[in-house]
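Structure at a glance
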Amino acid sequence: MENMDFACLWLGLLLPVAATLDFSYHHQEEMEEFLKKVAQNYSSITHLHSIGKSVKGRNLWVLVVGRSPKEHKIGIPEFKYVANMHGDETVGRELLLHLIEYLVTNDGKDLEITNLINSTRIHIMPSMNPDGFEAVKKPDCFYSNGRENGNFYDLNRNFPDAFEFNNVSRQPETVAIMEWLKTETFVLSANLHGGALVASYPFDNGVPATGTVHSRSLTPDDDVFQYLANTYASRNPNMKGDQCKNKMNFPNGITNGYSWYPLKGGMQDYNYIWAQCFEITLELSCCKYPREEKLSSFWNLNKASLIEYIKEVHLGVKGQVFDQSGNPIPNVIVEVQDRKHICPYKTNKFGEYYLLLLPGSYTLNVTVPGHNPHLTKVIIPKKSQDFSALKKDILFPFRGQMDSIPVSNPPCPTIPLYRNLPSHSAATKPSLFLFLGTLFHVLFKYSKM
């Protein structure tokens, strides 16, 4: 027995020391201390870095969790969570800190978490608006002066918009996000808010071509977005129940953003159009800044959803595009034939592509500048491989020099790309996965949470 106790003690000394996190609100210094301890104690699977600074000079911290936390690995999709975009919406900030602790302390102990870390590079930003959080002096369920950043700008109205010009002063936090998106091949994302209970999916703004005449604004990937929103909402009992008193009731706990109410300059539309990243908005609490004693229940309600949503980054198909010499080709358009994006999705510098798709049969349209499109069929099985999308490498069948293909991926201009789109676009057609509840038009609007 003594030998066994000694062995257990010795094993305990070899394992990283957990940075215990209590269920309370963590201000900037406390949050930084926690993140730095995690990065130090779990250095083999984490990487802590700042993507920029707020108006008042606070770091915008991101903790990366994965087997290769410091750099992208081919075939490993990039996922991100961003919280506290509105400084007075605080639940998401604490949920992401607890998610970090849960991931690092369960690696090697819980098979699901271990597989997730093996197969995914997970980026977690607990606070996009630390100035706003610190500005809240009297927490309130509905509104406080911490919603905006240090220059009194609403960061969820501060991004370029694809439907109308958004001539506002671009804020440091917004610019930091936009530059960050250029450095990674993000595939899936969610930004965490408060003040309602619903998973909202793009578009938040729209034009007749995207279906606004039907009180909605749909992307070409509407079926996938509804599936993603439902993946999160269906695992949170509160999002399926009575939801928030005296506020809208959302069937199944999901809504199209525009159907709820239109907004210009939102982050989720920007991610989808200009960063090739599917992002939804998660409204996770009726009260924006609830009492600390409620935080543990919020964690219990959201833990399963947070984990399951990360796993959806492995939905669909992924691969590389190669020339006949076996060299990966960057800057190649790879899209499903009947769901083209207004800003075409292209391969990254490693020739990689990632397409989130539901099970079914699809035709991929692969286009290299200066060459005719190459069509290839792909069937996404009903039961995809665990922790991996279907792998489909593509050999582009052409002869000639590759010198004419630019290595960099020139971005689409950040202007209203949808402005002149004809109104008979396929995006106005309801998807097969459209929930009946989303057909009801919202008769009133209120300030976005």
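The rules behind these values
Residues numbered from 1 in each chain as written. Predicted model: local features only at pLDDT ≥ 70, side-chain atom pairs only at ≥ 80, totals over all residues. Heavy atoms only, no water. Helix = DSSP H or I, 4+ residues; strand = E, 2+ residues; numbered from the N terminus. Buried < 20%, exposed > 50% of the residue type's maximum accessible area, 1.4 Å probe, protein only. Areas by Shrake-Rupley, 256 points an atom, 1.4 Å probe, with all protein chains shown as cover. Contact = heavy atoms within 4.5 Å. pLDDT = per-residue confidence, 0-100. Disulfide = S-S within 2.5 Å. Pairing = 2+ DSSP bridges. Axes fitted to C-alpha atoms, helices over the stretch in contact; angles between N-to-C directions. Polar contact = N/O pair within 3.5 Å; in protein donor to acceptor, adjacent residues only side chain to side chain. Expected span 1.5 Å × (residues − 1). Patch = residues over 30% accessible without salt bridge, like charges linked within 9 Å, V, L, I, M, F, W, Y side chains within 5 Å. Salt bridge = Lys/Arg side-chain N within 4 Å of Asp/Glu carboxyl O. Lys, Arg positive; Asp, Glu negative; His and termini not counted. Charge placed at Lys NZ, Arg CZ, Asp CG, Glu CD. Core = buried A, V, L, I, M, F, W, Y, C linked by side-chain atoms within 4.5 Å.

Section: the overall build of the chain
The secondary structure content of the chain amounts to 11 helices and 15 strands. Across the 449 residues that make up the chain, the buried fraction comes to 59%. Approximately 19400 Å² of the chain is accessible, and the part contributed by carbon and sulfur atoms is 54%.

A few points about the environment of Pro-130
Structurally, the position occupied by Pro-130 is in helix 5 (residues 130-135). Separated by 19 residues in sequence, Pro-130 and Asn-149 place their C-alpha atoms 8.0 Å apart. If near-sequence neighbours (up to four positions away) are discounted, Pro-130 is found in contact with Gln-28, Ser-54, Arg-58, Asn-59, Leu-60 and Arg-93.

Points about the confidence of the model for the chain
Per-residue confidence for the chain gives a mean pLDDT of 88; residues scoring 70 or more make up 85%. Predicted confidence for residues 4-13 stays below pLDDT 50, and this span has zero contacts to residues more than four positions away or in other chains. Taken as a whole, residues 424-448 scores under 50 in pLDDT and shows 60 contacts with residues more than four places along the chain or in a different chain.

Some words on the state of the cysteines
By the definition in use, this model includes three disulfides. The residue that forms a disulfide with Cys-141 is Cys-287, at a sulfur-sulfur distance of 2.0 Å. Between Cys-141 and Cys-287, the S-S dihedral sits near -90°, and the bridge is therefore left-handed. Taken together, the residues span a long stretch of sequence, with Cys-141 in the loop between helix 5 and helix 6 (172-183) and Cys-287 in the loop between strand 8 (278-285) and helix 11 (295-311) at a distance of 146 residues. You can call Cys-287 buried: its relative accessible area is 14%.

Brief notes about the sheet that holds strand 6 (residues 196-201)
Sheet strands pair via backbone hydrogen bonds, and the direction of the pair is either parallel or antiparallel. One open sheet holds the eight strands; their spatial order is 1-2-4-3-5-8-6-7, and the pairing between them is mixed. Two strands in the sheet have a free side with no partner beyond their single neighbour: strand 1 (46-53) and strand 7 (254-256). Neighbouring strand axes in the sheet, compared pairwise and without regard to direction, differ in orientation by 20° on average. Sheet contacts for helix 7 (residues 222-233): strand 3 (78-83), strand 5 (186-193), strand 6, strand 7 and strand 8; angle to strand 8, the most-contacted strand, approximately 30°.

Description of helix 4 (residues 111-119)
Listing the buried residues of helix 4 in full gives Ile-113, Thr-114, Leu-116, Ile-117 and Ser-119. Where helix 4 is buried, its residues touch strand 2 (59-65), helix 3 (91-106), strand 4 (121-125) and helix 11. Near the N-terminus of helix 4, the side chain that reaches the backbone nitrogen of Glu-112, with its oxygen 3.0 Å away, is that of Asp-110.

What to know about helix 7
With 12 residues, helix 7 extends 16 Å from end C-alpha to end C-alpha; this agrees with the ideal 16 Å at 1.5 Å per step. For helix 7, a buried count of 10 out of 12 residues is recorded, marking the element as mostly surrounded by other parts of the structure. Of all the positions in helix 7, only Asp-222, Asp-223, Val-224, Phe-225, Gln-226, Leu-228, Ala-229, Thr-231, Tyr-232 and Ala-233 are classed as buried.

Here's the deal with a negative patch on the surface
On the surface, a cluster of negative charge is made up of Asp-22, Glu-29, Glu-30 and Glu-292. Residue classification places Glu-292 among the partly exposed positions, given a relative accessible area of 36%.

Thoughts on the pattern of salt bridges
Once their charged atoms are close, side chains differing in charge can pair, the charge on each being opposite to the other. In the structure shown here, the tally under the stated rule is 19 salt bridges. Its salt-bridge partner being Asp-131, residue Arg-58 comes within 2.8 Å of it at the nearest N-O pair. Of the two residues, Arg-58 sits in the loop between strand 1 and strand 2 while Asp-131 sits in helix 5, which places them 73 residues apart along the sequence. For Asp-131, a relative accessible area of 3% gives the class buried. Ionic pairing is found between Glu-184 and Arg-121, a salt bridge with its closest N-O pair at 3.0 Å. Of this pair, Glu-184 sits in the loop between helix 6 and strand 5 while Arg-121 is found in strand 4, placing the two residues 63 residues apart along the sequence. On the basis of relative accessible area, Arg-121 is assigned to the buried category, the value being 5%. Members of the salt-bridge network, linked through shared partners, are Glu-89, Arg-147, Asp-154, Arg-157 and Lys-288.

Here we look at the nonpolar core
Ranked by size, the top nonpolar core spans 109 residues in total, and within it Tyr-81 and Leu-99 carry the most contacts. Here this core takes eight residues from helix 3, the largest share from any one element. Filtering out sequence-adjacent residues up to four positions away, Tyr-81 remains in contact with Leu-96, Leu-99, His-123, Ile-124, Met-125, Ala-190, Leu-192, Tyr-232, Ser-305, Leu-306, Tyr-309 and Ile-310. Counting seven residues, the second largest nonpolar core, distinct from the first, contains Ala-196, Val-198, Met-248 and Phe-250.

Looking at unusual backbone geometry
Here Pro-202 and Phe-203 are connected by a cis peptide whose omega angle stands at 5°. One can find Phe-203 in the loop between strand 6 and helix 7. Its identity as a non-glycine residue notwithstanding, Phe-152 has a phi of 65°, on the positive side. Summarising the element assignment, Phe-152 is placed in the loop between helix 5 and helix 6. A positive phi is found at Asn-252, a non-glycine position, where the angle reads about 65°. Among the structural elements, Asn-252 can be located in the loop between helix 8 (237-240) and strand 7. Accessibility expressed as a relative area gives 39% for Asn-252, which makes it partly exposed.

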